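Listed below are the residues making up each chain.
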Amino acid sequence: MHPYVISFQSLGISDIAQVGGKNASLGEMISQLSATGVCVPGGFATTAQAFRDFLAVNGLDQRISAALAALDTEDVAALAKTGAEIRGWILAATLPEKLVQEIGEHYERMTGDVDGSFAVRSSATAEDLADASFAGQQETYLNIQGLDNVLHAVRAVFASLYNDRAISYRVHTGYADAGVALSAGVQRMVRSDLGASGVMFTLDTESGFRDAVFITSSYGLGEMVVQGTVNPDEFYIHKQKLEEGYPAIVRRSLGSKQQRMVFDSGCSLGHSTLIEEVPQPLRDQFSLTDEDVLQLARYAVSIEKHYGRPMDIEWGRDGQDGRLYILQARPETVQSQRVSGGGGKYVLGQRGEVLIEGRAIGQKIGTGPVRLVSGPSQMGRVQTGDVLVTDMTDPDWEPVMKKASAIITNRGGRTCHAAIIARELGIPAIVGCARATDALPDGEIVTASCAEGDTGFVYRGRLPFEIVAESSAALPALPVKLMLNVGNPTLAFEFAQMPSDGIGLARLEFVINNMIGVHPKAVLNFKTLSEPLQEQVLQRSRGYADPVSFYVDKLSEGIACLAAAFWPRPVIVRLSDFKSNEYSKLLGGELFEPVEENPMIGFRGAGRYVAPEFTDCFELECRAMKKVREVMGYTNVEVMIPFVRTVGEAREVVDELAKNGLRRGESGLRLIMMCEIPSNALSAEAFLQYFDGFSIGSNDLTQLTLGLDRDSSLVANRFDERDAAVKLLLQMAISACNRLGKYVGICGQGPSDHFDFAQWLMEQGIQSISLNPDTLLETWRKLGAVATR
């Protein structure tokens with residue numbers, strides 16, 4: 001006679017038909033991965049046969065089948081009525097005596113004389129398969145104590161197979177109800193209520209980039225992260241450098257973490273947890289140490305290697321023993337199923353008035369009227385094409401989520417159930433907006449854009465966008481390398497999957513402006529700032545040791561994220577090239593920046609770096625660059641210096657770099673100079689004594705050659721990189737570099753805007769052309785057609 005209950009350690013991945021994907025996976029990890037350090041709490045699982053016999057003995061199988069056969073799942077009211085009726089039948093039924101007995105025996109073996117605390121989770125036989133995610137479709141009960149309560153929770157888990165969301169989801173994904181059974185997993189609780197917990201993926205959930213581990217974390221039990229009721233901390237870890245032993249955290253962001261779920265020992269089943277506010281000092285720091293993050297990432301990589309596919313993993317850190325535990329692991333079913341080249345890239349035609357912003361889920365754009373929904377009772381208001389706006393969603397909302405053109409929530413992170421379902425349905429979602437329900441009036445037409453990086457924007461009105469078909473199939477060989485201009489590190493994982501030769505221009509200004517937002521002098525002279533300004537700087541630098549560490553570490557993260565995404569391809573990072581009017585817009589900037597009549601040719605570039613009043617700021621950038629190359633191991637990063645006016649200035653800035661530990665040639669470091677001033681081309685050989693090559697900045701070179709202000713609309717029509725005088729200087733620079741065996745590329749806007757200019761550069765023997773990502777493939781094909789004539 002088949003057993004009704006099996007211990008986790010006796011299960012493996014081949015037992016999915018018996019105990020479902022989740023419980024089979026727990027057994028697989030206990031038996032196969034313990035030697036790698038992966039720690040999974042023990043427990044036991046009821047079998048699918050036990051569930052089927054339970055339904056048959058109580059005469060429920062035929063009643064349920066008849067009720068579902070008559071149901072139209074698009075009728076929300078009918079779905080709710082039928083689901084509640086079926087669940088009521090199951091909760092009122094009696095568990096088979098054999099099942100009760102076997103659960104009791106396993107429970108006693110696990111607890112002995114001392115009652116423990118358990119999680120009772122669902123594991124459907126169609127759940128957590130490689131091509132479908134049933135995550136969150138059934139219920140989980142936490143902190144269950146005592147055998148009677150465990151038995152009650154098992155029955156409740158059985159009933160949850162017929163939640164409204166679960167019924168609708170099975171219809172939507174084509175799984176027949178008769179073929180799905182439920183196993184209840186009873187697992188020893190990890191005391192993450194006293195520690196932290198979250199979810200991690202072995203790829204980037206938005207771009208599908210396979211070389212990163214993405215971890216979310218918050219205080220307390222993990223249900224709040226999964227349900228999206230808390231905005232968690234986020235971490236990205238680069239797999240290759242992790243395996244080489246480097247501290248490979250390339251990006252981190254601090255979540256608000258306002259609440260946490262903890263044990264409530266005084267309450268009955270189903271109410272065995274409570275939600276409490278997190279003290280402000282804990283909110284202002286990361287919920288995991290760097291070592292915890294790296295250890296979790298190692299576990300994730302081990303699990304992915306064992307299963308041979310990207311994985312979605314829940315974890316917990318026990319606040320009593322300090323250990324990290326894996327609570328469940330299932331195949332990732334969205335990005336890993338995406339067919340390369342099978343879709344299009346969403347491109348916003350123009351930006352507009354931003355009404356609200358939050359975390360972008362997916363990379364699509366949706367437009368439509370706002371439909372404010374305060375709770376499940378109002379789901380019937382949502383019509384096809386509406387932009388669903390609510391405080392938060394959970395998987396119960398799946399029947400109406402698929403109608404929406406976009407989903408906007410106040411709360412939630414990238415790994416909550418709403419985000420997972422939105423990705424699977426292919427709907428753009430913007431979560432964690434804080435006040436979307438207040439900022440977006442019901443009925444107003446809006447555009448929700450997730451096509452601009454990590455941050456999702458809700459714009460007023462219906463903005464134009466297009467879906468650009470992309471395919472990198474059969475690209476021809478070229479005599480020139482094509483690289484990318486990338487400023488935003490949050491887009492690096494997406495762009496890295498394009499067939500480029502690396503990054504020809506990474507602008508450090510984007511990192512400073514968008515990820516830091518504070519003037520370097522303000523962090524260096526923090527104690528001299530006014531109290532209100534100090535408070536603003538501290539608010540920005542939460543989670544870091546001090547404002548200076550914040551500045552350096554954020555710079556390092558921005559650079560490392562770009563370097564990791566494109567590893568081992570070269571990433572040329574231009575040190576900051578803010579003008580004084582741009583620096584003054586940073587927090588505290590007005591206190592330290594001069595007012596210049598013409599900042600475009602004023603205090604900028606190399607001249608600023610070597611000026612006595614700025615060398616301490618320049619040292620911060622050098623410290624970040626040195627950390628990325630030496631501590632984190634990204635030797636593919638090359639340093640580029642902008643706006644070098646004279647040969648003397650070139651010598652000074654190279655000496656200043658060496659003084660700060662960035663010596664040309666050491667550990668393979670290449671120093672590149674922006675060739676963007678006529679003097680650079682005219683005296684190319686003299687400048688090239690100090691550098692390993694030129695990257696031509698055609699924007700400034702054109703401006704300074706033709707004597708016009710490229711920011712002035714009055715003369716904009718005369719700006720043209722293809723002017724004969726500009727081309728003459730370009731020929732001089734390219735020729736000098738090639739003659740001396742130095743690198744020469746171009747990173748200005750010209751080749752992206754004018755194909756004939758890109759073709760001319762290729763014919764002149766330029767070694768690389770750095771393009772905007774949206775022009776890479778088209779330019780590649782056109783150059784290929786010319787090169788093969």
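Refer to the structure above for everything that follows.
Nothing here was measured: the structure is a model prediction, and the numbers come from that model.

Caption draft 1: Molecular detail of the overall build of the chain. When helices and strands are counted, the chain shows 30 helices and 30 strands. At 29 Å, the chain has a C-alpha radius of gyration in line with the 28 Å of a compact globule built from 789 residues. For the chain, the spread of C-alpha atoms along the three principal axes comes to 95 × 50 × 50 Å. A burial count over the chain gives 60% of its 789 residues as buried. Restricting to contacts in the chain with at least 6 residues of sequence separation, those with at least 24 account for 70%.

Caption draft 2: Quick look at helix 26 (residues 698–706). Listed in full, the buried residues belonging to helix 26 are Ser698, Asp700, Leu701, Thr702 and Gln703. Considering only its buried residues, helix 26 is in contact with helix 24 (678–682), strand 28 (693–696), helix 27 (724–740), strand 29 (743–746) and helix 28 (750–753). One or two steps after helix 26, the chain reaches Gly707, where phi turns positive at roughly 65°.

Caption draft 3: A look at the nonpolar core. In this structure, Ile215, Ile237, Ile303, Ile326, Ile641, Phe694 and Ile696 are the most contacted members of the largest nonpolar core, which totals 161 residues. No other element matches the twelve residues that helix 19 (residues 547–566) contributes to this core. Not counting the four nearest positions on each side in its chain, Ile215 is found in contact with Val199, Met200, Asp233, Glu234, Phe235, Ile237, Leu288, Val293, Leu296, Ala297 and Trp315. Core analysis: the next-biggest nonpolar cluster, separate from the first, contains 44 residues, Ile64, Leu99, Phe118 and Leu161 among them.

Caption draft 4: Main features of the sheet that holds strand 6 (residues 196–201). Strand order in the open sheet formed by six strands is 9-8-7-6-12-13, and the pairing between neighbours is antiparallel. Edge positions in the sheet fall to strand 9 (249–253) and strand 13 (324–331), since each has one partner strand and no second. Across the sheet, the mean angle from the axis of one strand to that of its neighbour is 20°, orientation sign disregarded. Judged from the six bridges that link them, strand 6 and strand 12 (residues 311–317) form a sheet pairing that is antiparallel. The residue of strand 12 that forms the bridge with Gly198 is Trp315.

Caption draft 5: Geometry of the packing of helix 19 against helix 22 (residues 615–631). Across the interface, helix 19 lies against helix 22 with an axial gap of 8 Å and an inter-helix angle of 50°. Considering the angle they form, helix 19 stands oblique to helix 22. Taken as a pair, helix 19 and helix 22 cross one another with a handedness that is right-handed. Only Leu620, Glu621, Arg623, Ala624, Met625, Lys627 and Val628 of helix 22 make contact with helix 19, whose side of the interface consists of Val548, Tyr551, Val552, Asp553, Leu555, Ser556, Ile559 and Ala560. Per-class residue counts for the contact of helix 19 with helix 22 are ten nonpolar, one polar and four charged.

Caption draft 6: Highlighting the state of the cysteines. Applying the stated criterion across every chain yields a total of zero disulfides. Free cysteine Cys433: the closest other cysteine sulfur is in Cys450, separated by 9.2 Å. A relative accessible area of 5% places Cys433 in the buried class. The closest cysteine sulfur to the non-disulfide-bonded Cys737 is located on Cys675, 7.3 Å from its own sulfur. Relative accessible area serves as the criterion here: at 0%, Cys737 is assigned to the buried category.

Caption draft 7: Structural context of the packing of aromatic side chains. Inspection of every chain in the model, using the stated rule, returns 16 aromatic pairs. Taken together, a centroid distance of 4.4 Å and an interplanar angle of 15° make the contact between Tyr609 and Phe618 stacked. Exposure remark for Tyr609: the relative accessible area of 0% places this residue in the buried category. Under the relative-accessibility criterion, Phe618 is labelled buried at 0%.

Caption draft 8: Seen up close, the environment of Lys742. Topologically, Lys742 is positioned in the loop between helix 27 and strand 29. We classify Lys742 as buried; its relative accessible area is 16%. Expressed as a C-alpha distance, the spacing of Lys742 and Asp692, which sit 50 residues apart in the sequence, is 5.7 Å. Sequence-distant contacts of Lys742, that is, excluding residues within four places in its chain, are made with Arg664, Leu688, Phe691, Asp692, Gly693, Cys737 and Gln767. At a separation of 3.0 Å, a polar atom in the side chain of Lys742 contacts the main-chain carbonyl oxygen of Leu688.

Caption draft 9: Spatial organisation of the sheet that holds strand 24 (residues 503–507). Around the barrel, which closes on itself, the eight strands sit in the order 23-24-25-26-27-28-29-30 with parallel pairing between neighbours. Each adjacent strand pair in this sheet contributes to an overall mean axis angle of 30°, direction not counted. Sheet topology note: the strand 27 (residues 671–675)/strand 28 ladder contains three bridges and is parallel. Across the sheet, residue Cys675 finds its bridge partner in strand 28, namely Ile696. In the packing of helix 19 onto the sheet, the strands contacted are strand 23 (481–486), strand 24, strand 25 (571–574) and strand 26 (637–641), and the crossing angle to strand 25 comes to about 160°.

So, how was this worked out
Residues numbered from 1 in each chain as written. Predicted model: local features only at pLDDT ≥ 70, side-chain atom pairs only at ≥ 80, totals over all residues. Heavy atoms only, no water. Helix = DSSP H or I, 4+ residues; strand = E, 2+ residues; numbered from the N terminus. Rg over C-alpha atoms; globule rule 2.2 N^0.38 Å. Buried < 20%, exposed > 50% of the residue type's maximum accessible area, 1.4 Å probe, protein only. Contact = heavy atoms within 4.5 Å. Core = buried A, V, L, I, M, F, W, Y, C linked by side-chain atoms within 4.5 Å. Pairing = 2+ DSSP bridges. Axes fitted to C-alpha atoms, helices over the stretch in contact; angles between N-to-C directions. Parallel < 35°, antiparallel > 145°, perpendicular 65-115°, else oblique. Left-handed = near helix turned anticlockwise from the far one by under 90°. Nonpolar A, V, L, I, M, F, W, Y, C, P; charged D, E, K, R; others polar. Disulfide = S-S within 2.5 Å. Phe/Tyr/Trp six-rings, centres within 6.5 Å; stacked < 30°, edge-to-face > 60°. Polar contact = N/O pair within 3.5 Å; in protein donor to acceptor, adjacent residues only side chain to side chain.

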